[in-house]
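A closer look at the structure
Chain residues, written in single-letter form:
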2 protein chains.
Amino acid sequence: MKHTTPSDIERTSMEIISAELEARGIDPPPENAPIVRRVIHATADFDYARSLTFTPCAVERFTALLKTGIPIVTDTNMAKAGISSAALSRWGNEVFCFMSDPETARAAADGKTTRASVSMQLAARRFPNALFVIGNAPTALMALSALAAQGYRPAGIVGVPVGFVNVVESKEETLKLCQSLEIPGIFAMGRKGGSTVAAAICNALLYTASDMLDPSRRGWH
Amino acid sequence: MKHTTPSDIERTSMEIISAELEARGIDPPPENAPIVRRVIHATADFDYARSLTFTPCAVERFTALLKTGIPIVTDTNMAKAGISSAALSRWGNEVFCFMSDPETARAAADGKTTRASVSMQLAARRFPNALFVIGNAPTALMALSALAAQGYRPAGIVGVPVGFVNVVESKEETLKLCQSLEIPGIFAMGRKGGSTVAAAICNALLYTASDMLDPSRRGWH
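This section reports on the structure supplied with the text. (Residues numbered from 1 in each chain as written. Chains lettered and ligands numbered in written order. Predicted model: local features only at pLDDT ≥ 70, side-chain atom pairs only at ≥ 80, totals over all residues. Heavy atoms only, no water.)

**Side note on the environment of Glu-31 of chain B**
All names here are of chain B. Under the convention used in this document: Helix and strand definitions follow DSSP, with helices as H or I runs of at least four residues and strands as E runs of at least two, each counted in order from the N terminus. Burial status follows relative accessibility: with a 1.4 Å probe on protein chains alone, a residue under 20% of its type maximum counts as buried, one over 50% as exposed, and anything between as partly exposed.
Of note, Glu-31 is situated in the loop between helix 1 (6-23) and helix 2 (33-43). We classify Glu-31 as partly exposed; its relative accessible area is 48%. Separated by 21 residues in sequence, Glu-31 and Leu-52 have C-alpha atoms that sit 13 Å apart.

Below, the structure is given as structure tokens:
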């Protein structure tokens, strides 16, 4: 194992991923390819090349929104921690997670709702316009659907919860919601997903919006 | 999708995972099963049932160490954010990540080493005894190997970096190191891993050490 810089490693990794996608006969549309590659880079799991689903012009619409400095809301502090500070600083985006907010704990204390659900309601009250990046809780996606039925409009939804109960259905329903309301959405269909996948998609969108897809432009050290 | 509490969802998920492991003819040793199940719960990826590798009595040794209140060092703030505060509080363990430490940035500024590597050296200087939970950087594992060659002894290593360059080799080498020095180790062999996997293993060990494997004992709300 010879010493290489992180940006060399990332470049080599992306070349390996591109070659293996080609060998598998998978050829994502050019605008989606950086997102697909970054998720595979974060998971080493090529299943995402088939499960990632984009609403029309999703990447173009997400990047245009990011360039307005729109706030980003996550459903876990872990996804929040995984989003690149350097990339966020380019357009002044801030990331918020209300899972540890005292109001969230209070409202979920009776057990009739989940903290993830309450944290989405808090975010919707606080931000008339925000991108939602959901990597863990299907109940967060379900809360966004309920808010949409009441007239709230998330600016965009990255929906990649992981798991075995209500996860597949929550992603299918929220994808349909995005399609019918013309909200840009990116979803990992099926059971797989997670906070690393959510952060990877968000980072790929930020890098695309900031011309930082080339790792040497990100000032690794 | 009916409303269920997070602890109901977790219990149902674990039942589904156990049933699907059985259907695949995979039967992990009882002491390792809670760790295997929790990683699958965090990823929905059954590949981990085969790739997770444990040194002899690893779970017993890790849980005994956790009960002493030993500090935990991660290679990402993301893995740190994913480790359960409730579980940490049981034995007073604290989690440290030195990736954003100013000294790490300074020492890695010349590009001759990585921040992950420097952050391990900092941790080794600070803690004569610590558990290392590595979910991202193969260079962090390589730094631990180099420190071991100089006489430093990590108390235990969870080694689950993800990726395409040096990852497979770094895990194989560190597993061998653990075997020869009798350091308890848990590794995800192959390319797959990540911060969610690292946090899931650490949480499963903490839950085992704290009799919190039953989610209703963790006071979800």
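**Structural notes on helix 8 (residues 115-126) of chain A**
Residues and elements named next belong to chain A. Selection criterion: By definition here, a helix of n residues has an expected span of 1.5 Å times n minus one. Here, two residues are considered to be in contact whenever any of their heavy atoms come within 4.5 Å of each other.
With 12 residues, helix 8 ought to run about 16 Å at 1.5 Å a step, and its terminal C-alpha atoms sit 16 Å apart, in line with that. Burial in helix 8 covers these residues: Ala-116, Ser-117, Val-118, Ser-119, Met-120, Leu-122, Ala-123 and Ala-124. Tucked into the core, helix 8 has its buried residues touching strand 2 (72-74), helix 7 (102-108), strand 4 (131-134) and helix 9 (138-149).

**Some thoughts on the sheet that holds strand 2 (residues 72-74) of chain B**
Residue and element names in this part refer to chain B. The condition is simple: When DSSP locates at least two bridges between a pair of strands, those strands are taken to pair. To obtain each axis, a line is fitted to C-alpha atoms, and for helices this fit is confined to the stretch in contact; angles are then taken between N-to-C directions over 0 to 180 degrees.
Strand order in the open sheet formed by 6 strands is 1-6-5-4-2-3, with mixed pairing between adjacent strands. Looking at strand neighbours, the two that pair on one side only are strand 1 (52-54) and strand 3 (95-97), the edges of this open sheet. For this sheet, the mean inter-axis angle between neighbouring strands, taken without regard to orientation, is 20°. Contacts between helix 4 (residues 58-66) and the sheet are confined to strand 1, strand 2, strand 4 (131-134), strand 5 (156-159) and strand 6 (185-188), with strand 6 contributing the most and set at about 120° to the helix. On top of the sheet, helix 9 (residues 138-149) reaches strand 4 and strand 5; it is set at about 150° to strand 4, its chief contact.

**Quick look at the pattern of salt bridges**
Two side chains carrying opposite charge are able to pair once their charged atoms lie near each other. Put simply, the rule is: For this document, the term salt bridge refers to a Lys or Arg side-chain nitrogen within 4 Å of an Asp or Glu carboxyl oxygen.
Using the criterion set out here, one finds 18 salt bridges over all chains in the structure. Between Arg-125 of chain B and Glu-103 of chain B there is a salt bridge, with its nearest N and O atoms 2.6 Å apart. Separated by 22 residues along the polypeptide, Arg-125 of chain B in helix 8 (residues 115-126) and Glu-103 of chain B in helix 7 (residues 102-108) bring together distant segments of the chain. For Glu-103 of chain B, a relative accessible area of 32% corresponds to the partly exposed category. Connected via shared salt-bridge partners are Asp-45, Asp-47 and Lys-192 of chain A together with Asp-45, Asp-47 and Lys-192 of chain B.

**Some details on the interface of chain A and chain B**
Worth spelling out the cut-off: Each of two parts loses accessible area, computed with a 1.4 Å probe, when they are put together; buried area is these two losses added. Between N or O atoms, a polar contact is any pair within 3.5 Å; within protein, one atom must be a potential hydrogen donor and the other a potential acceptor, and residues adjacent in sequence are included only when both atoms are from side chains. Residues are grouped as follows: Ala, Val, Leu, Ile, Met, Phe, Trp, Tyr, Cys and Pro are nonpolar; Asp, Glu, Lys and Arg are charged; every other residue, Gly included, is polar.
Contact with chain A, which involves 48 residues of that partner, is made by 48 residues of chain B. Buried surface at the junction of chain A and chain B, summed over both partners, amounts to about 3500 Å²; 69% is from carbon and sulfur atoms. At the boundary of chain A and chain B, one finds 4 salt bridges. Note that Asp-45 of chain B is salt-bridged to Lys-192 of chain A, the shortest N-O span being 3.8 Å. Between the two partners, chain A and chain B, sit 2 residue pairs in polar contact (both at pLDDT 80 or more). Of all the secondary-structure elements, those providing two or more residues to the side of chain A that touches chain B are helix 1 (6-23), helix 2 (33-43), helix 5 (77-82), helix 10 (167-181) and helix 11 (195-209) of chain A. Sorting elements by how many residues they give to the side of chain A that touches chain B places helix 1 of chain A first, with 7 residues. Its residues assigned to classes, the side of chain A that touches chain B shows 20 nonpolar, 19 polar and 9 charged.

**Things to note about the packing of helix 8 of chain A against helix 9 of chain A**
Any two packed helices are characterised by the angle at which their axes cross and by the distance between the axes. Residue and element names in this part refer to chain A. Stated formally: Working definition: roughly parallel below 35 degrees, roughly antiparallel above 145 degrees, roughly perpendicular at 65 to 115 degrees, and oblique for all remaining angles. Left-handed is the label given to a crossing in which the near helix is rotated counterclockwise from the far helix by less than a right angle, and right-handed is the label when the rotation is clockwise.
Their axes nearest at 7 Å, the elements helix 8 and helix 9 cross at an angle of 40°. Judged on the interaxial angle alone, helix 9 and helix 8 are oblique. At the point where helix 8 passes helix 9, the crossing takes the right-handed sense. From helix 8, Ala-116, Ser-117, Met-120, Gln-121 and Ala-124 reach across to helix 9, where they touch Thr-139, Ala-140, Ala-143, Leu-144 and Leu-147. In terms of residue class, the contact of helix 8 with helix 9 is built from 7 nonpolar, 3 polar and no charged.

**Overview of unusual backbone geometry**
Residues other than glycine predominantly adopt negative phi, and peptide bonds predominantly adopt the trans conformation. All names here are of chain A. You will see that Glu-182, though not glycine, has its phi angle at about 55°, which is positive. Mapped onto the elements, Glu-182 comes out in the loop between helix 10 and strand 6 (185-188). Looking at Glu-182, the relative accessible area reads 59%, which means it is exposed. Even without a glycine there, the phi angle at Asp-211 is positive, about 55°. With respect to the helices, strands and loops of the structure, Asp-211 is situated in the segment after helix 11.

**As for the pairing of strand 5 (residues 156-159) of chain A**
Residue and element names in this part refer to chain A. The test is simple: With the strands pointing away from the viewer, any crossover whose connection runs clockwise from the first strand over the helix to the second is right-handed.
Residues of strand 5 alternate between two faces, with Gly-156 and Val-158 on one and Ile-157 and Gly-159 on the opposite face, all of them buried. Inspection of the sheet shows strand 4 paired to strand 5 by 4 bridges, in the parallel sense. Directly across from Ile-134, in strand 5, lies its bridge partner Gly-159. In the classification by handedness, the crossover that spans strand 4, the intervening helix 9 and the parallel strand 5 is right-handed.

**A look at the packing of helix 1 of chain B against helix 2 of chain B**
Residue and element names in this part refer to chain B. Two elements in contact, helix 1 and helix 2, have axes whose closest approach is 10 Å; the angle formed by their N-to-C orientations is 110°. Considering the angle they form, helix 1 stands roughly perpendicular to helix 2. In this structure, helix 1 uses Glu-10, Ser-13, Met-14, Ile-17, Ser-18 and Leu-21 to contact helix 2, whose residues at the interface are Arg-37, Arg-38, Ile-40 and His-41. Tallied by class, the residues present in the contact of helix 1 with helix 2 amount to 4 nonpolar, 3 polar and 3 charged.

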